[in-house]
Amino acid sequence: MKPILLGLSVLLLTNAATAQEVTLRAVTAFTENTTYSRPFEHFINRVNEDGKGILRINYIGGPKAMPPFEVGNALKGGVIDIANATGAFYTNVMPEADAWKLTERPMAELRQNGGYAAMAAIYAQKLNAIFLARLVDNNPFHLYVNKPIATTDLTGLKLRITPVYRDFFQAMNASVMTTAPGEVYTALERGVIDGYGWPIHALFDLNWQEKTKYRVDPGFYNAEVGLIMNLDKYKGLPAKARAFLEREALDYERRNEFWKTYNLSEAKRQAEAGIQTITFDAATARAYVEKAKEVGWAGAIKASPQYGPQLKKVLAP
Ligand code: 173
């Protein structure tokens, strides 16, 4: 009798464990196994290793599985449970999400000063989501061009954008065209665009160095990629799973100092690949960065008269 009873109780225990284990469907808005997806993929692997019996993340994939600009709606509606995306990709659902780019305050500070709380309320209301962690921080965007420019007047240039760069590039008289990252290489190759906005990193992921002549310095804003989760799903997690997930997410957010050193190595790598820098003189550079901020906040307030002014108070340095 004994062995049979033992076998039965093991079976019952295993069933109880799998019944409790929650599975989350995950998507990334950036190409799989590239710079801005890797922290997320790392996170998934660790959750799946350490969270056995509690939580499992089923990684569906990247832009091949779901177009980047559709991730916000899919998360809101619960088609997916958890996502890796930047705010600019889901402004169609939550215009305020693009305002992360305008803060230079560390997340630890924003979690204390009301900045995170202000954003969290909007994530709940508009995206039906919780912003679990910022996975990319401390890195500037740049303008990359294939025609030399001598001033900040970009008249005659056609630039690829996302909402991040729209108001700023238009304020400098560029004409603009929105595309997902996956379309940039072909647009450059065909000469459909004369340049694009993108962070200092990850140019090499999709081989844009082959089609890029100049990076314009200085950079501006602060690129954000975040871990976001459907709020209903989050609230429905067993307490143990929720605590585990939060702990893991925050652990990744604390690693964001890493990007500062990576910025330097990526700039060097671009130079080695033959990308020349166009550097404005000190006064022009100051005015350029100021202009970016000014039109950035004006755009944020125009996009959200309701929350823009309040966000500026807590996010702006
Ligand atoms: O240029 C982009 O596609 C964009 O908006 C972005 C934002 C954060 C990280 C990388 C790209």
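Overview of the structure. (Residues numbered from 1 in each chain as written. Predicted model: local features only at pLDDT ≥ 70, side-chain atom pairs only at ≥ 80, totals over all residues. Heavy atoms only, no water.)

## Describing the sheet that holds strand E5 (residues 141-145)
Short version of the rule: Two strands pair if DSSP finds at least two bridges between them. Helical segments are the DSSP runs of H or I of at least four residues, strand segments are the runs of E of at least two, and each set is numbered from the N terminus. To obtain each axis, a line is fitted to C-alpha atoms, and for helices this fit is confined to the stretch in contact; angles are then taken between N-to-C directions over 0 to 180 degrees. Contacts between residues were defined by any pair of non-hydrogen atoms, one from each residue, lying within 4.5 Å.
Read across the open sheet, the six strands follow the order E7-E6-E8-E5-E9-E11; overall the sheet is mixed. At either end of the open sheet lies a strand with only one pairing partner, and these are strand E7 (175-178) and strand E11 (276-279). When strand polarity is set aside, the average angle formed by the axes of neighbouring strands in this sheet is 30°. Of the strands in this sheet, E5 and strand E9 (214-220) are in contact with helix H11 (residues 282-303), which crosses E9 at around 65°.

## What about the sheet that holds strand E4 (residues 129-136)?
Taken in spatial order, the five strands line up as E2-E1-E3-E10-E4 in an open sheet, and their pairing is mixed. Of all the strands in the sheet, the pair left with one neighbour each is strand E2 (55-61) and E4. Mean inter-strand twist for the sheet, computed between neighbouring axes without regard to direction, equals 25°. Note that strand E1 (residues 22-28) and E2 share six bridges and pair parallel. For Val27, the partnering residue across the bridge sits in E2 and is Gly61. In this fold helix H2 (residues 38-50) packs onto E1, E2, strand E3 (82-85), E4 and strand E10 (225-230), with an angle of close to 145° to the strand it touches most, E2. Together, E4 and E10 form the strand contacts of helix H5 (residues 115-127), whose direction differs from that of E4 by roughly 125°.

## Remarks on the environment of Glu248
Defined as follows: For every residue, the accessible area (1.4 Å probe, protein chains only) is compared with the maximum for its type, and the residue is labelled buried under 20%, exposed over 50%, or partly exposed between those bounds.
On the secondary structure map, Glu248 appears in helix H9 (residues 239-253). Taking relative accessible area as the criterion, Glu248 reaches 7% and is therefore assigned buried. Between the C-alpha atoms of Glu248 and Phe43, which are 205 residues apart in sequence, the distance is 7.5 Å. Setting aside its immediate chain neighbours within four residues, Glu248 contacts Phe43, Arg46, Val47 and Asp50.

## Points about the nonpolar core
Soluble globular proteins tend to pack their nonpolar side chains together in the buried interior. The condition is simple: To form a nonpolar core, buried Ala, Val, Leu, Ile, Met, Phe, Trp, Tyr and Cys residues must be joined to one another through side-chain atoms within 4.5 Å.
Phe43, Leu55, Tyr123 and Phe169 are the most contacted members of the largest nonpolar core, which has 103 residues in total. Among the elements that line this core, the one with the most residues is E4, at seven residues.

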